[in-house]
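Inside the fold
Here is how the chains run, residue by residue.
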Amino acid sequence: MTDAPTAADATRFTFADDVEPGSRQAVLEVLAQLDAPGLDGPVAIRRLEGGGSNENFVVSTSEVDLAMRLAGLMTERFLFDRPRGLDAHRHAFASGRVPRLYSSVLPEGHCLSQLVPGRTMTADILAEDDVIELCTETLLKVHHAEPIAGRRFSMFQDARTWIDVAHDEGLPLPDDIAAIEAMLERLEALFDSLDVPDRLCHNDLQVQNYLIEPGRAWLVDWEYGAMGTPYSDLAMLIHYGALGPEGASRVFTAYLGVDRPCDHARALLMYFGAAIREAAWSVIAEPVLGPVTGYDYAGSARRFFAATATLMQDSEFEAALVVGGPSDDDAAVFAQAAERARR
């Protein structure tokens, strides 16, 4: 751990123009509590895009480039479990597909991790040869890292919690919210009935959380990392990545070794949960983050709620509620996946 910067040695720290004066002081104070190679020498700091309720920075020393998370304070509102997320990051690192976590501060959750090479995932990159397989291999490896303790992740419970916050605060929700809540309970019961083991999952698999380099897909941003059903990550890769049926088949073949109709159905059902979770998160983010970031969280909520309203009226969704139920070969198929992960 480095000593707190003094007026004399603060000249070691060089800030890019995109780091505001208020953020500079906060960065210096947090860096004094963290440890990583080269922090006792010259350090250059610039802003890193993204972060939601956090602020992210690139911290460059003479020895290593680092990603710094200056954690936001609204942990209870957004259901951040900082110790659990950091444990997930540490355990997932053993997969070789997740950056090294150098140092962290609890209970706040500030941290420094390796800044890995690679291109931030886009739809064009995802369409390149073998990138779907690289992303799926990363999921397979991290899912089979050593388990962690802490509250089990549930896409459906998170969504219900944030809907309750919206009710309590009088925030706008769609007219069919009661039907949505009933569907969340139905879907949670369906996934709980499956003979599928919990795994160490990312649980916030926006495609931009993948960084792609030749032969490897890195997975970053483990704030919601926890034990849970692997369908959470698989569904988000398939549906947030807009892979379509053929791409979904490639994902399941790479992960499970087979391409079953029930898995396609489960991915669709879990996507419903993920979209409602995203919509509810956006609703409760609007009053506290909207004025700060300028992002239209209310518009995001409307888009996700509209997408799920259309989905509930789709015959494919109705069929998935039947096809996605328990299958006699679930245990054997997921045992086979565990064998594949060890290769």
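Our structure is the block above this text.
In this report, the structure presented in the accompanying data block is examined.

Procedures and definitions
- Residues numbered from 1 in each chain as written.
- Predicted model: local features only at pLDDT ≥ 70, side-chain atom pairs only at ≥ 80, totals over all residues.
- Heavy atoms only, no water.
- Helix = DSSP H or I, 4+ residues; strand = E, 2+ residues; numbered from the N terminus.
- Rg over C-alpha atoms; globule rule 2.2 N^0.38 Å.
- Buried < 20%, exposed > 50% of the residue type's maximum accessible area, 1.4 Å probe, protein only.
- Contact = heavy atoms within 4.5 Å.
- Areas by Shrake-Rupley, 256 points an atom, 1.4 Å probe, with all protein chains shown as cover.
- Salt bridge = Lys/Arg side-chain N within 4 Å of Asp/Glu carboxyl O.
- 1 Å grid on protein atoms, 1.4 Å probe; cavity = no way out; pocket = protein on both sides within 12 Å on 5 of 7 lines; lining within 4 Å.
- Points joined across faces, edges and corners; volume = space filled by probe spheres on them.
- Nonpolar A, V, L, I, M, F, W, Y, C, P; charged D, E, K, R; others polar.
- Pairing = 2+ DSSP bridges.
- Core = buried A, V, L, I, M, F, W, Y, C linked by side-chain atoms within 4.5 Å.
- Phe/Tyr/Trp six-rings, centres within 6.5 Å; stacked < 30°, edge-to-face > 60°.
- Lys NZ or Arg CZ within 6 Å of the ring centre and 35° of its normal.

Check the secondary structure of the protein and you find 12 helices and 11 strands. The C-alpha atoms of the protein give 21 Å as radius of gyration, which agrees with the globular expectation for 343 residues (20 Å, within 12%). With respect to the principal axes defined by its C-alpha atoms, the protein has extents near 70 × 50 × 35 Å. The buried share of the protein, reckoned over its 343 residues, is 53%. For the protein, restricting intrachain contacts to residue pairs at least 6 apart in sequence, the fraction spanning at least 24 positions comes to 73%. Total accessible area on the protein is roughly 15100 Å²; 52% of this is exposed by carbon and sulfur atoms.

A few words now on the pattern of salt bridges. All chains considered together, the criterion is met by 19 salt bridges. A salt bridge links Glu223 to Arg82; its shortest N-O distance comes to 2.2 Å. Here Glu223, found in the loop between strand S10 (216-219) and strand S11 (226-228), pairs with Arg82, found in helix H2 (residues 82-93); they are 141 residues apart in sequence, far enough to count as distant. Here Glu223 and Arg82 have matching classes, each one buried. Between Asp330 and Arg260 there is a salt bridge, and its shortest N-O distance comes to 3.0 Å. Remark: Arg260 occurs in the loop between helix H8 (244-256) and helix H9 (261-293) and Asp330 occurs in helix H12 (residues 330-341); sequence separation between them is 70 residues. The exposure classification of Asp330 matches that of Arg260, with both residues buried. What emerges from the salt-bridge pattern is a single network uniting Arg260, Asp263, Arg266, Asp329 and Asp330.

As a volume, the second largest pocket reaches approximately 440 Å³. Taken together, 18 residues make up the lining of the second largest pocket; nearest its centre are Gly52, Ser53, Asn54, Glu55 and Val292. Elements with a contribution of two residues or more to the lining of the second largest pocket: strand S2 (43-48), strand S3 (55-60) and H9. Across the lining of the second largest pocket, the residue classes tally to 7 nonpolar, 8 polar and 3 charged.

Attention now moves to empty space enclosed by the protein. Summed over the entire model, instances satisfying the criterion amount to 3 cavities of 30 Å³ or more. Its boundaries defined by the atoms lining it, the largest cavity holds a volume of some 60 Å³. In terms of lining, the largest cavity is formed by Arg152, Phe153, Ser154, Met155, Phe156, Glu188, Phe191, Asp192, Thr229 and Met270. Contributing elements (two or more residues each) for the lining of the largest cavity: helix H5 (155-169) and helix H6 (177-192).

Moving on, we get to the sheet that holds S10. Reading across the sheet, the 3 strands line up as S7-S9-S10 and stay open at both edges, with antiparallel pairing between neighbours. Of all strands in the sheet, those with a lone pairing partner are strand S7 (119-120) and S10, marking the two edges. The sheet contact formed by strand S9 (residues 210-213) and S10 spans 4 bridges and is antiparallel. Among the inter-strand pairings, Glu213 is bridged to a residue of S10, identified as Arg216.

Further remarks concern the nonpolar core. Where a protein is soluble and globular, its nonpolar side chains tend to be buried together. Ranked by internal contacts, the top residues of the largest apolar core, which has 88 residues, are Met121, Cys135, Tyr210, Phe272 and Phe317. Looking at this core element by element, the count peaks at 17 residues for H9. Dropping the residues within four chain positions of it, Cys135 is found in contact with Met121, Leu126, Tyr210, Ile212, Ala217 and Leu237. Counting 20 residues, the second largest nonpolar core, distinct from the first, contains Leu31, Leu39, Met68 and Leu112.

Summarising the sheet, S7 and S9 pair through 2 bridges and their orientation is antiparallel. Bridging from a neighbouring strand, Thr120 pairs with Leu211 of S9. Hairpin connection of S9 to S10: 2 residues between the antiparallel strands, including Gly215 at a positive phi of 80°.

Another aspect to go through is the environment of Leu101. By secondary structure assignment, the location of Leu101 is in strand S5 (residues 101-105). In this structure Leu101 touches Leu86, His89, Arg90, Cys111, Leu112 and Ser113, once residues within four positions along its chain are discounted.

Let's shift gears to the packing of aromatic side chains. Summed over the entire model, instances satisfying the criterion amount to 10 aromatic pairs. With a centroid separation of 5.1 Å and 35° between ring planes, the pair formed by Phe80 and Tyr224 is classed as tilted. Of this pair, Phe80 sits in the loop between strand S4 (65-70) and H2 while Tyr224 sits in the loop between S10 and S11, and the two are 144 residues apart along the sequence. In this structure, Phe80 and Tyr224 share a single accessibility class: buried. Linked through ring pairs, Phe78, Phe80, Tyr224, Trp281, Tyr295 and Tyr297 together constitute an aromatic cluster. Positioned above the aromatic ring of Phe80, the side-chain terminus of Arg82 is 4.4 Å from the ring centre. Here Arg216 stacks its cationic end above the ring of Trp218, 5.4 Å away from the centre of that ring.

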